[in-house]
Amino acid sequence: PHSVIRLYWDYFILLNMLITSITLPLQFAEFAFMKNLGWLYLDLALNFFFVFDLVFNFHTGYVDMENRELVMNIGATRKHYFRTWFFPDAISTVPFDLIYFLLENQINSHPEAFATGIRWLFKCLRLIRMCRL
């Protein structure tokens with residue numbers, strides 16, 4: 001967890017979270033320019049890096065705050081990550097925009113309130129990622 005590679009990776013993920021924190025409110029506001037496929041590709045690229053970060057976290061040690069010692073045991077690391085940040089990370093990496101894009105015709109054929117509810121649910125689930133900040 002204290003390597004230079006991990007430090008650079010954390011900065012890169014922080015940059016991805018910054019981009020997400022800027023684009024997500026624009027997606028909530030549903031500006032017309034946000035419906036461009038380029039934004040979907042950007043979101044998919046960011047999701048790819050967040051999925052890679054999820055895998056990376058399974059293989060990165062952690063500092064046990066009780067004993068103040070560095071834990072590098074892979075089994076203990078995976079167990080710790082699974083109990084702490086795995087589920088929020090996993091939920092926030094699901095490509096909800098892609099799912100919505102693929103299901104858009106079916107969702108739009110339902111009453112407007114239902115389609116809007118689905119859209120808001122998908123966007124709210126992406127906010128979980130921001131909890132890491």
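In this text, all values refer to a predicted model and were calculated from it rather than measured experimentally.

We now examine the overall build of the protein. Counting its regular elements, the protein contains six helices and two strands. Going from N to C terminus, the protein has its helices and strands arranged as α-α-β-β-α-α-α-α. Out of the 133 residues belonging to the protein, those deemed buried represent 32%. In the protein, of all internal contacts separated by at least 6 residues, the share reaching a separation of at least 24 is 68%. Of the roughly 8600 Å² of accessible surface on the protein, a fraction of 70% belongs to carbon and sulfur atoms.

What follows concerns the confidence of the model for the protein. With 85% of its residues at a pLDDT of 70 or more, the protein shows a mean pLDDT of 83. For the protein, the element scoring lowest by mean pLDDT is helix 6 (residues 112-126), at 67; helix 3 (residues 74-83) scores highest, at 95.

With that settled, consider the nonpolar core. Core analysis: the largest hydrophobic core is formed by five residues, namely W9, I13, M17, L46 and F50. Of all the elements, helix 1 (residues 4-29) adds the most residues to this core, at three residues.

Inspection of every chain in the model, using the stated rule, returns one salt bridge. Taking the shortest distance from any N to any O, the salt bridge between R6 and D10 comes out at 3.0 Å. Residue R6 and its partner D10 are both found in helix 1; the two are separated by four residues, about one turn of the helix. Since its relative accessible area comes to 11%, R6 is described here as buried. Overall, the relative accessible area of 34% leaves D10 in the partly exposed class.

On the surface, a nonpolar cluster with roughly 570 Å² of combined accessible area is contributed by L37, Y41, I99, F101, L102 and L103. Secondary structure elements with two or more residues in the nonpolar patch: helix 2 (37-58) and helix 5 (96-108). Broken down by element, the nonpolar patch gets its largest block of residues, four residues, from helix 5. Tracing the backbone shows L37 in helix 2. Residue L37 is classed as partly exposed on the basis of its relative accessible area of 37%.

Moving on to helix 1. Taking 1.5 Å of rise per residue, the 26 residues of helix 1 would be expected to cover 38 Å, and the 38 Å separating its terminal C-alpha atoms lies within 8% of that figure. Every buried residue of helix 1 is listed here: R6, W9, I13, N16, M17, T20, T23, L24, Q27 and F28. Backbone geometry just after helix 1 places E30 at a positive phi near 55°.

A positive phi angle, near 55°, is found at R68, a position not held by glycine. For R68, the location among the structural elements is in the loop between strand 1 (62-64) and strand 2 (69-71).

What counts, and at which threshold
Throughout this document, residue positions are counted from 1 along each chain, in the order its sequence is written. Local features in a predicted model are, by the rule used here, given only for residues with pLDDT of at least 70; side-chain atom pairs are given and counted only at 80 or more, and totals for whole chains, interfaces and linings are based on all residues. The basis for every side-chain value is the complete set of non-hydrogen atoms in the structure, without hydrogens or water. Numbering of helices and strands runs from the N terminus; a helix is a DSSP stretch of H or I covering at least four residues, while a strand is a stretch of E covering at least two. Whether a residue is buried, partly exposed or exposed follows from its accessible area with a 1.4 Å probe, protein chains only, as a fraction of its type maximum: under 20%, in between, or over 50%, in that order. Every residue pair with non-hydrogen atoms within 4.5 Å of one another is taken to be in contact. To be clear on the numbers: accessible area is Shrake-Rupley with a 1.4 Å probe, and residue cover counts the displayed protein chains and nothing else. On a scale of 0 to 100, pLDDT captures the predictor's confidence in every residue. Only buried residues count toward a nonpolar core. Its members are Ala, Val, Leu, Ile, Met, Phe, Trp, Tyr and Cys residues joined through side-chain atoms within 4.5 Å. Whenever Lys or Arg places a side-chain nitrogen within 4 Å of a carboxyl oxygen from Asp or Glu, that contact is recorded as a salt bridge. Patch membership requires over 30% relative accessible area and the absence of a salt bridge. Like charges are linked within 9 Å, and nonpolar side chains (Val, Leu, Ile, Met, Phe, Trp, Tyr) within 5 Å. Helix span is expected to be 1.5 Å times the residue number reduced by one.

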